[in-house]
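Here are the chains, one letter per residue:
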Amino acid sequence: MENIKSIENEIISKIEKADNERALEEIRISELGKKGRISNILKKVGSLSPAERKEIGSSINTLKKIITEKIREKRDYLLKIEIDTKLIKEKIDVTLPAQIKQQNNGRIHPVSQVLDEISEIFGSLGYELADGPDIESEYYNFNALNIPDSHPARQMHDTFYLSKNNGKKGQSLLRTHTSPVQVRTMEKGKPPFKFISPGRSYRADSDQTHTPMFHMIEGLVVDEEANLGHLKWTLETFLSSFFENNEIKVRLRPSYFPFTEPSLEVDVLCDRSGSTLKIGEGSDWLEVAGAGMVHPNVLKASNIDSKKYQGFAFGFGLDRLAQLKYGIPDLRTLFSGDIRWLKHYGFLALDIPTLARGLKK
Ligand code: DAH
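If you're wondering where the values come from, they're calculated on a predicted model, not measured in any experiment.

A.B. asks: I would appreciate a short explanation of the site of the ligand in the present structure.
C.D. replies: In the vicinity of the ligand lie 15 residues, with His177, Ser179, Arg203, Glu218 and Thr260 positioned nearest. In the model, a nitrogen atom of the ligand is placed 2.9 Å from a nitrogen or oxygen of the histidine 177 side chain. In this structure, an oxygen atom belonging to the ligand sits 3.2 Å away from a side-chain N or O atom of glutamine 182. Starting from 350 Å² of accessible surface for the ligand in isolation, the protein chains cover 93%. Assessed atom by atom at 2 Å from the grid points, the ligand resides in the largest pocket. If you list the elements that add at least two residues to the shell around the ligand, you get β6 (213-223), β10 (284-294) and β11 (310-317). Considering only residue class, the shell around the ligand consists of six nonpolar, seven polar and two charged.

Below is the structure:
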C-alpha cells in the first residue's frame, strides 16, 4: 500500500511538471498504457493471495482513476493556457482602418439610366413599349410620315443611305428618328394607341450638341379625343417627374414638322455658363423635344380612320435629357467610350437614383 501511495505521488509530480501536451501524453502512455507501469503491476496481482489481491487490486484501480483524472485536468489546463496565449498574441485591433480591396465595378451608362427612368414614368402613365428597326426604308422614315420625295425636310435630316433598294418602299437607310415606329405600330394594331418607343437614330452630323448616332424616344397617343391640352399636360408632367422638380420651366414654341399639325418644339430653361449644365436656372433654353397633333396623312398611311381618330405625338432627345439631368456638357463624351468618363458619370448598379426615392409629388 505504501508503495502504491508513493507511485501515486511520483506520477502526480511528473504530471505537475509536464508543461506541454506531448510530455503529458508520454506520461499517460508510460503509466496508464497497455504496457505501462500500472498495467504491469495489475498483471502481478494475479499471483497474490485472494485477500491481498482484493485489497491491492482495488487500490490500483483507485490509483488508475486518480491518475486519469489528474491527466485530464492538466490537459484542460494546458489547453486553456494555449488558447489564452493565442488570444493575447493574435489580438485584432478593431480601430485600424479596414483594408478595402479596390473593386473594379462596372457602371451603368447615363443613357441606360435615363432610359429606365423615362420608361418608369411613362409606364406609370399607362404607356406601352413599342419597337422598330434601326435600318429603315425611305417609306417608313419619310413618306408614311408625310415627307414626300421632294420635301425639303428630307435634306434637313442628313441621312445615311444604304445600298439596298426595297422597290416601292424605297432605299434602305439608318433611321433618322424614331417616328417611323408610329406608323409601323399603328399598321399592326387597332386604335386606341398609347406607347413610347425609345431607340437609336442616325444623322450625318457631329459637333458639341450632335453625334452621328444618338437616342430618341418617340411617344404616340391616338384615340377619339386626345387633344393639344393632353399633350401639354403630358409634356409638363413628364418633364417635372423626370427632373424631380415641380418648378421646372418648360417653353412650348410653335414649329413645323410634316407629320404633325399643329407642331411645336419643347424647351427647358437651363444655365450653360459654368462647367456643368444646370437645369431650371439661368437664361438659356435647351430644346428637348418636338411634338404636335398627329397629321391626318400619317393616320391614313397607317390605315386609321382620320375622321374618327386623332392623337398627339412627341419625340425627345434622350441623350439631351441625360445631359441636362446629370450635368454633362458635351454630348460627344457620352459615346467616346472613355472608361474614366464612365467612372465619373456612370451609376453603380446598387446605388441607382430611383425615381421612387427621389420623385417629388
Ligand atoms: N422626329 C422628330 C425629329 O426628328 C421629332 C419629333 C417631332 C417627333 C414631333 C414627334 C413629333 O413625334 O410629333 O426630331
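Additional details are given in the paragraphs that follow.
A.B. asks: How should the environment of serine 47 be read in this particular structure?
C.D. replies: Mapping serine 47 onto the fold places it in the loop between α3 (37-45) and α4 (50-89). Under the relative-accessibility criterion, serine 47 is labelled exposed at 66%. A polar contact of 2.7 Å, which involves the side chain of serine 47, links it to the backbone oxygen of lysine 44.

A.B. asks: Mind showing me how you'd approach the domain arrangement of the protein chain here?
C.D. replies: Many descriptions give the size of an interface as the accessible area lost when the pieces come together. Domain annotation of the protein chain identifies domain 1 (4-89) and domain 2 (110-360). Here the C-alpha centroids of domain 1 and domain 2 sit 91 Å apart.

Definitions and cut-offs
Residues numbered from 1 in each chain as written. Predicted model: local features only at pLDDT ≥ 70, side-chain atom pairs only at ≥ 80, totals over all residues. Heavy atoms only, no water. Near = heavy atom within 4 Å. Polar contact = N/O pair within 3.5 Å; in protein donor to acceptor, adjacent residues only side chain to side chain. Areas by Shrake-Rupley, 256 points an atom, 1.4 Å probe, with all protein chains shown as cover. 1 Å grid on protein atoms, 1.4 Å probe; cavity = no way out; pocket = protein on both sides within 12 Å on 5 of 7 lines; lining within 4 Å. Sits in = over half its atoms within 2 Å of the grid points. Helix = DSSP H or I, 4+ residues; strand = E, 2+ residues; numbered from the N terminus. Nonpolar A, V, L, I, M, F, W, Y, C, P; charged D, E, K, R; others polar. Buried < 20%, exposed > 50% of the residue type's maximum accessible area, 1.4 Å probe, protein only. Domains from an automatic or database assignment.

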